[in-house]
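Listed here are the chains, written in short residue letters.
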Amino acid sequence: MIDKKMTFKYVPPNINFIVMPILMFTSYYVLSGYRIESKRSKWYKLFCVVSILLIGYTIMLMELSIHWVKKGVYPFGIQAYEVGPFVYRQILVNALIQMGIYLRVMFLGLKHQKGYGLLISFSLAGACIDMGYISFLFELSDITYYNTIRNNNILIIALSSIVITGIIELLRRKKWKQM
């Protein structure tokens, strides 16, 4: 589905299951000494909305790309061989935006001594879903295999994000109760 001559090598999907929890716990550790404000700034809300919308866009693009291939109907007059690069570039931009949000939040957290809770989880989960999808584009051999792997990837990342975020919030509350 995608040309192997494209710009960078794919990330094995399973690496996302290792990197995401490490980054989430590291982020918690780095920002754990800072309180999360009860009133969120407009930038925090904007970043949360953008991150959630990008996750939704990625999932929608996954579904659409399979639909295009099954039906043989492609958007914007592109040819069948152009679907992979077309989808790849969009997902890569999504991943870069999600990582940009994560890095910006970490920078702001350290600069202003604030915690940012869920936004870190949203942006990291989105980036991992994007990178997993890029990996699947390189490995795509048949639609059934792709659907199984894609659903497992999204499910594992979503569940681990929820569990890790829950653990982090419990640790954060426990720490602030002791202070």
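On a predicted model such as this, the values are computed, not experimentally measured, just so you know. (Residues numbered from 1 in each chain as written. Predicted model: local features only at pLDDT ≥ 70, side-chain atom pairs only at ≥ 80, totals over all residues. Heavy atoms only, no water.)

Along the backbone of the chain there are 5 helices and 0 strands. The helix and strand sequence of the chain, counted from the amino end, reads α-α-α-α-α. Taking all 179 residues of the chain together, the buried fraction comes to 42%. Put simply, of all contacts in the chain between residues at least 6 apart along the chain, 84% involve residues at least 24 apart. Counting every atom, the chain has about 10200 Å² of accessible surface; 67% of that belongs to carbon and sulfur. (Helix = DSSP H or I, 4+ residues; strand = E, 2+ residues; numbered from the N terminus. Buried < 20%, exposed > 50% of the residue type's maximum accessible area, 1.4 Å probe, protein only. Contact = heavy atoms within 4.5 Å. Areas by Shrake-Rupley, 256 points an atom, 1.4 Å probe, with all protein chains shown as cover.)

Moving on, we get to the environment of Tyr74. Along the polypeptide, Tyr74 turns up in the loop between α2 (42-71) and α3 (83-112). The class for Tyr74 is partly exposed, based on a relative accessible area of 25%. Among all residues touching Tyr74, those that are not within four sequence positions of it are Trp68, Val69, Gln79, Ala80 and Val83.

Inspection of the secondary structure assignment puts Ser121 in helix α4 (residues 118-139). Looking at Ser121, the relative accessible area reads 8%, which means it is buried. The residues touching Ser121, leaving out its near neighbours within four places in the chain, are Met24 and Thr165.

A word on the packing of α2 against α3. At a minimum axis distance of 10 Å, the contact between α2 and α3 shows a crossing angle of 165°. Between α2 and α3, the angle falls in the class roughly antiparallel. α2 and α3 meet at a crossing whose hand is left-handed. Judged by residue contacts, Phe47, Val50, Ser51, Leu54, Ile55, Tyr57, Thr58, Leu61, Ser65 and Trp68 of α2 engage Val83, Phe86, Val87, Gln90, Ile91, Asn94, Ile97, Gln98, Ile101, Arg104 and Val105 from α3. (Axes fitted to C-alpha atoms, helices over the stretch in contact; angles between N-to-C directions. Parallel < 35°, antiparallel > 145°, perpendicular 65-115°, else oblique. Left-handed = near helix turned anticlockwise from the far one by under 90°.)

What follows concerns the packing of aromatic side chains. The description of an aromatic ring pair rests on the distance of the ring centres and on the angle between the ring planes. Overall, the coordinates contain 3 aromatic pairs when judged by the stated rule. For the ring pair Phe76 and Phe86, a centre distance of 5.8 Å and an interplane angle of 55° mean the geometry is tilted. Taken together, the residues Phe76 in the loop between α2 and α3 and Phe86 in helix α3 connect sequence positions 10 residues apart. Note on Phe76: relative accessible area 74%, which makes it exposed. Aromatic ring contacts, followed pair by pair, group Trp68, Phe76 and Phe86 into a single cluster. (Phe/Tyr/Trp six-rings, centres within 6.5 Å; stacked < 30°, edge-to-face > 60°.)

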